[in-house]
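# Results of the structural survey
What follows is the residue order along each chain.
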Amino acid sequence: MSRPVLSRLATPLLVSLACAVGSLILFAKLAEEMLEGETRQFDGAVRQFVHFHSSAWLTAAMRFFTILGSSLVVSIAATSGFTALWVAGRRRRALSIAITVIGGCLLMWVLKVSFHRERPMPFFDTHLPASYSFPSGHALLSFCLCGAGATLLSAGQMKRWVRIAIWTFAAVLVLAIGYSRIYLGVHYPSDVLAGYLAALVWVLGVEIAYRKVR
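Residues numbered from 1 in each chain as written. Predicted model: local features only at pLDDT ≥ 70, side-chain atom pairs only at ≥ 80, totals over all residues. Heavy atoms only, no water.

## Things to note about the overall build of the chain
The helix and strand tally for the chain stands at eight helices and zero strands. Listed by position from the N terminus, the elements making up the chain come as α-α-α-α-α-α-α-α. For the chain, whose C-alpha radius of gyration is 18 Å, the value lies close to the compact-globule estimate of 17 Å for 214 residues. Principal-axis analysis of the C-alpha atoms gives the chain an extent of 60 × 35 × 30 Å. Out of the 214 residues belonging to the chain, those deemed buried represent 43%. Of the contacts formed within the chain by residues at least 6 apart in sequence, a portion of 76% connects residues at least 24 apart. Per element, the accessible surface of the chain, about 12200 Å² overall, is 71% carbon and sulfur. For the chain, the centre of its 20 positive side-chain charges and the centre of its 9 negative side-chain charges are spaced 21 Å apart. (Helix = DSSP H or I, 4+ residues; strand = E, 2+ residues; numbered from the N terminus. Rg over C-alpha atoms; globule rule 2.2 N^0.38 Å. Buried < 20%, exposed > 50% of the residue type's maximum accessible area, 1.4 Å probe, protein only. Contact = heavy atoms within 4.5 Å. Areas by Shrake-Rupley, 256 points an atom, 1.4 Å probe, with all protein chains shown as cover. Lys, Arg positive; Asp, Glu negative; His and termini not counted. Charge placed at Lys NZ, Arg CZ, Asp CG, Glu CD.)

## Points about the environment of G195
Following the sequence through the fold, G195 ends up in helix 8 (residues 189–213). Classification of G195 by relative accessible area gives buried; the value is 0%. Separated by 60 residues in the primary sequence, G195 and P135 place their C-alpha atoms 4.9 Å from one another. Among residues more than four places away in sequence, those in contact with G195 are P135, S136, A139 and L140.

## A look at the side chain of D43
One can find D43 in helix 2 (residues 40–52). Taking relative accessible area as the criterion, D43 reaches 1% and is therefore assigned buried. Setting aside anything within four residues of it in sequence, one finds D43 in contact with R117, Y188, P189 and S190.

This is how it looks when you write it as structure tokens:
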């Protein structure tokens, strides 16, 4: 294999690895600040700002987005994607999506149990989940699913604007789901941010492994 080809293969791996390491460091720093109570002022200020700008139509929209990020919906979407890819013969990519989502679920559970942060008081009579608050499972799982899905859909697209549109849609959806958890009051903002960072580390790790195997 020629040196230019090796360079093209190595560059995405190095960039992904650097991003994963950076996200891991940021997550560790955020977790440390949370445990020491340093995020309390930030969380309170953001929650107050978000709640102040609430409205009836926005509440309905946030309830819809929070359903999209639920474990049930994510599991159904991931299972459907896995089945379609497996039947189509794209079994490595099917396995990568399954590993991303299942691993994300395990990561979420381990982190929640490890930090055992109590949830805040919810808004709008929202049902408060029984699980711990840090990190946000909705943020983590939606990031895992949308990240894996956007990687799959954009990989075969030759047009740049199509790839940009796919990643923009995925990013907006993930951000809307995370915002819905803050809006409804079932998570602190730092929970959502931690969910994104943890998911980024995991998604990049799976993608690095997939590229190495491929």
